[in-house]
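# Chain and residue survey
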Amino acid sequence: MAVAAASLFTNGGTASPKSFTSRYASVYSEVQNNRLDHPLPLPSVLKNPFKVVDGPASYAAGHPEEIAKLFPCLFGQPSAALVPDDSGDIAMGQSLKIGVVLSGGQAPGGHNVISGIFDYLQNYCKGSTLYGFRGGPAGIMKCKYVVLTPEYIYPYRNQGGFDMICSGRDKIETPEQFKQAEETVKKLDLDGLVVIGGDDSNTNACLLAENFRSKNMKTRVIGCPKTIDGDLKCKEVPVSFGFDTACKIYAEMIGNVMIDARSSGKYYHFVRLMGRAASHITLECALQTHPNVTMIGEEVFAKKQTLKSVTSYIADVVCKRADLGYNYGVILIPEGLIDFIPEVQQLIAELNEILAHDVVDEAGVWKKKLTPQCLQLFEILPQAIREQLMLERDPHGNVQVAKIETEKMLIQMVETKLDQRKQIGQYNCEFKGQSHFFGYEGRCGMPSNFDATYCYALGYGAGALLQSGKTGLISSVGNLAAPVSEWTVGGTALTAMMDVERRHGKYKPVIKKAMVELDGAPFKKFASMRGEWAIKNRYLSPGPIQFVGPIADKVNHTLLLELGAES
């Protein structure tokens, strides 16, 4: 199938199809073609007459006094809910001009959010225009956009990726950048803007909403919860989109290496998975596949485990399995594990300080500024890990954990530990480690049935919130363990999800990340079974994502357990 190009491109007035990364003349597989026309069910409340009602006043996730100061126009505003309206037929609204932007890393389902917004406007606000800002928030500041039409959107329905309008990691935070955003929304006469992104992006959405309202501008801002990491959620926002699909993609690959391990009988596969700040992906993949060892960063931190104790734990499992004749296995590691180990945290903090103020010389004089315990830890790390810890920091001053090959470090350290045990007769088998990093492979997959439907409802809900005049809310769809017809739709106050961090001497608002809760149902279920998984081969191979059949609509364990729908 050759995909048609958009009928109208705009780049502040100039652009062409060939200069834009659309699916221009793309060729689709049979599966992609089949998914284009896959029907998406909607919650009943969105298919019948509804009205938007306010809930109680909201608070904040932390430091409410500071959040109130930072958001004087938005703080305390109520969340909203769409409820059935028995007063008559569905009311058609006036035409609207709405902008949409993808912000941050990719996540499966983003195209369906945009499709949901577009379809809502077409169905309820005839004559509306939807502008897609190109390349993330920079597209807003530079007024780079494409007018989204039915012909343009069609090839992206139920497809993975963010290439409909592409994304970016720019932030709108300086006075000059806010001014640019104001000029763009005024130029396009926008009634509303939808920001599809993670915690940082939705913090930015709230700042934009506050800025526009403080200046009595008509442009309203609604967020949508996106991130495969699964750390953007709260009671009203039960899951971020993309998590379900990404975990299923990773679980398929983990299942594959499990079969390889069992087939060869001689390899330990160390698999590092996405998730810098939280271990939700690693935990969910463990529940789907039953690996021999799974390290959960939040537990490592809570128990104040050292790098030595983590290494010893893995080596213990290797030795116990060797006694049973199993010289193979699979070990899952969250991307941010190294950042959860207290002693490594301290080392990184000291390195950050040194890198911020000193030149790192080859003679190693800079090492004298490390405390003795941190210097000792630094010296026992493999050379490659030392070099990765010294890499340039991200814009927030953080170590780029995605570039730290924790899985390779642990393989080397386990090898050393087992060699020491060999010398005293505690281990006599050969250990072969294979390293993997499953990262970007999960970000742009074709969305699962759950993510495709969930995202479409999020977009539809965002349209309803904007039409009703709401701003500073994040589109929220709940009751997700029930049939789609029974899902609830509404909006949650973004300020209610916020806390503050002290940066550069000032309080900065941040949406509080949702970490793995050690007293939560998903972790408790994992903890109750990991002892058996460690020694016995209870491997599960989920296979590829299914779009039809008995398990096509199955939802991830984490969500079902948190909602009390799975024991």
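The rules behind these values
- Residues numbered from 1 in each chain as written.
- Predicted model: local features only at pLDDT ≥ 70, side-chain atom pairs only at ≥ 80, totals over all residues.
- Heavy atoms only, no water.
- Helix = DSSP H or I, 4+ residues; strand = E, 2+ residues; numbered from the N terminus.
- Buried < 20%, exposed > 50% of the residue type's maximum accessible area, 1.4 Å probe, protein only.
- Contact = heavy atoms within 4.5 Å.
- Areas by Shrake-Rupley, 256 points an atom, 1.4 Å probe, with all protein chains shown as cover.
- Polar contact = N/O pair within 3.5 Å; in protein donor to acceptor, adjacent residues only side chain to side chain.
- Core = buried A, V, L, I, M, F, W, Y, C linked by side-chain atoms within 4.5 Å.
- Axes fitted to C-alpha atoms, helices over the stretch in contact; angles between N-to-C directions.
- Parallel < 35°, antiparallel > 145°, perpendicular 65-115°, else oblique.
- Left-handed = near helix turned anticlockwise from the far one by under 90°.
- 1 Å grid on protein atoms, 1.4 Å probe; cavity = no way out; pocket = protein on both sides within 12 Å on 5 of 7 lines; lining within 4 Å.
- Points joined across faces, edges and corners; volume = space filled by probe spheres on them.
- Nonpolar A, V, L, I, M, F, W, Y, C, P; charged D, E, K, R; others polar.
- Pairing = 2+ DSSP bridges.
- Salt bridge = Lys/Arg side-chain N within 4 Å of Asp/Glu carboxyl O.
- Phe/Tyr/Trp six-rings, centres within 6.5 Å; stacked < 30°, edge-to-face > 60°.
- Expected span 1.5 Å × (residues − 1).
- Arc of directions from axis to C-beta.

## Brief notes about the overall build of the protein chain
Counting secondary structure elements, the protein chain contains 20 helices and 16 strands. Referenced to the eigenvectors of the C-alpha coordinate spread, the extents of the protein chain come out at roughly 80 × 55 × 50 Å. Burial status across the protein chain gives 57% buried among its 567 residues. Here the contacts in the protein chain between residues at least 6 apart in sequence split such that 79% fall between residues at least 24 apart. When the accessible area of the protein chain is evaluated, it comes to approximately 23,400 Å², of which 51% is carbon and sulfur surface.

## Points about the side chain of Asp339
Residue position: Asp339 is located in helix H13 (residues 337-340). Within the local environment of Asp339, its side chain forms a polar contact with the side chain of Arg276, the two groups lying 3.2 Å apart. The contact partners of Asp339, leaving out residues within four places of it in the chain, are Arg276, Gln345, Ile348 and Val401.

## Describing the nonpolar core
Ranked by size, the top nonpolar core spans 84 residues in total, and within it Leu148 and Tyr250 carry the most contacts. For this core, the element with the most residues is helix H18 (residues 449-467), which contributes eleven residues. Excluding residues that lie within four positions of it along the chain, Leu148 makes contacts with Val100, Ile114, Phe118, Leu130, Gly132, Ile153, Met164 and Ile165. If you look at the next biggest cluster of nonpolar residues, it comprises 45 residues, including Val310, Phe378, Met390 and Ile411.

## Structural notes on the packing of helix H12 (residues 307-323) against helix H17 (residues 406-423)
The geometry of H12 relative to H17 is characterised by a closest axis approach of 9 Å and an angle of 65° between their N-to-C directions. In terms of orientation, H12 lies roughly perpendicular with respect to H17. Viewed along their axes, H12 and H17 form a crossing whose handedness is right-handed. Between H12 and H17, the residues in contact are Leu307, Lys308, Val310, Thr311, Ser312, Ile314, Ala315, Asp316, Val318 and Cys319 and Met409, Leu410, Met413, Val414, Lys417, Leu418 and Arg421, respectively.

## Remarks on the environment of Gly110
Its location among the elements puts Gly110 in helix H4 (residues 110-124). C-alpha of Gly110 to C-alpha of Gln400: the two residues are 290 residues apart in sequence and 25 Å apart in space. Once residues within four sequence positions are removed from consideration, Gly110 is found in contact with Phe162, Ile196 and Phe241.

## What to know about empty space enclosed by the protein
Scanning the entire structure with this criterion turns up one cavity of 30 Å³ or more. Considered as a void within the structure, the largest cavity measures approximately 40 Å³ in volume. If you trace the largest cavity, you find it lined by Gly230, Lys233, Pro238, Val239, Phe243, Asn556, Thr558, Leu559 and Glu562. Examining the composition of the lining of the largest cavity, we find that three residues originate from one element, helix H20 (residues 557-562), more than from any other. Across the lining of the largest cavity, the residue classes tally to four nonpolar, three polar and two charged.

## Side note on the pairing of strand E7 (residues 192-197)
Burial analysis of E7 places six of its six residues in the buried class, the great majority of the element. Alternating positions in E7 separate into two faces, Gly192, Val194 and Ile196 on one and Leu193, Val195 and Gly197 on the other, with burial throughout. Sheet topology places strand E4 (residues 97-102) next to E7; five bridges connect them, and they run parallel. What sits directly across from Leu102, in E7, is Ile196. As paired elements, E7 and strand E8 (residues 220-225) share six bridges and run parallel to each other.

## Some words on the packing of helix H9 (residues 243-264) against helix H10 (residues 280-289)
At a minimum axis distance of 9 Å, the contact between H9 and H10 shows a crossing angle of 55°. In this view, H9 runs oblique relative to H10, as classed from their interaxial angle. Helix-helix and strand crossings are classified by hand; for H9 and H10 the assignment is right-handed. Contact residues: Phe243, Cys247, Lys248, Tyr250, Ala251, Ile254, Gly255 and Met258 in H9; His280, Ile281, Glu284, Cys285, Gln288 and Thr289 in H10.

## Observations concerning the pattern of salt bridges
Throughout the structure, instances matching the rule amount to 21 salt bridges. Asp200 is the partner of Lys171 in a salt bridge, and the nearest nitrogen-oxygen pair spans 3.9 Å. Here Lys171 is found in the loop between helix H6 (150-153) and helix H7 (175-187), whereas its partner Asp200 is found in helix H8 (residues 199-214), with 29 residues between them in sequence. Here the residues in one salt-bridge network are Asp189, Asp191 and Lys218, joined through shared partners.

## As for the sheet that holds strand E12 (residues 433-438)
By definition, the strands of a sheet pair up through backbone hydrogen bonds, in either a parallel or an antiparallel sense. Spatially, E10-E11-E9-E12 is the arrangement adopted by the four strands of the open sheet, whose pairing is parallel. Of all the strands in the sheet, just strand E10 (293-294) and E12 have a single pairing partner and so form its edges. With six bridges connecting them, strand E9 (residues 268-273) and E12 associate as parallel partners. Bridging from a neighbouring strand, Leu273 pairs with Phe438 of E12. Each of E9, strand E11 (329-334) and E12 is contacted by H9, which is oriented at about 170° to E9, the strand it contacts most.

## A closer look at the environment of Tyr124
Examined against the element boundaries, Tyr124 turns out to sit in helix H4. Residue Tyr124 is classed as buried on the basis of its relative accessible area of 5%. Along the sequence, Tyr124 and Pro155 sit 31 residues apart, while their C-alpha atoms lie 23 Å from each other. Only 2.7 Å separates the side chain of Tyr124 from the backbone oxygen of Leu46, close enough to count as a polar contact.

## Structural notes on the packing of aromatic side chains
Counted according to the given criterion, the structure contains 16 aromatic pairs. On the numbers, 6.2 Å between centres and 90° between planes, the contact of Phe270 with Phe431 is edge-to-face. Placement of the pair is Phe270 in strand E9 and Phe431 in the loop between H17 and E12, with a sequence separation of 161 residues. Measuring from centroid to centroid gives 6.0 Å for Phe450 and Trp487, while their planes differ by 65°, and the two rings are edge-to-face. Within this pair, whereas Phe450 is found in helix H18, its partner Trp487 is found in the loop between strand E13 (473-478) and strand E14 (488-493), the two being separated by 37 residues in sequence. Across the pair, Trp487 and Phe450 agree in class, each one buried.

## Some details on H7
Under the 1.5 Å per step criterion, the end-to-end length of H7 is 18 Å for 13 residues, consistent within 8% with the ideal 18 Å. Of the residues making up H7, those classed as buried are Phe178, Ala181, Glu182, Thr184 and Val185. Seen end-on, H7 carries its buried residues on one side only, within an arc spanning 165°. The outward face of H7, more than 90 degrees from its buried face, is lined by the exposed residues Pro175, Glu176, Lys186 and Lys187. Against the buried residues of H7 lie strand E5 (129-133), helix H5 (137-141) and H8. Residue Asp189 follows H7 closely and has a positive phi angle near 55°.

Geometry only, nothing functional implied.
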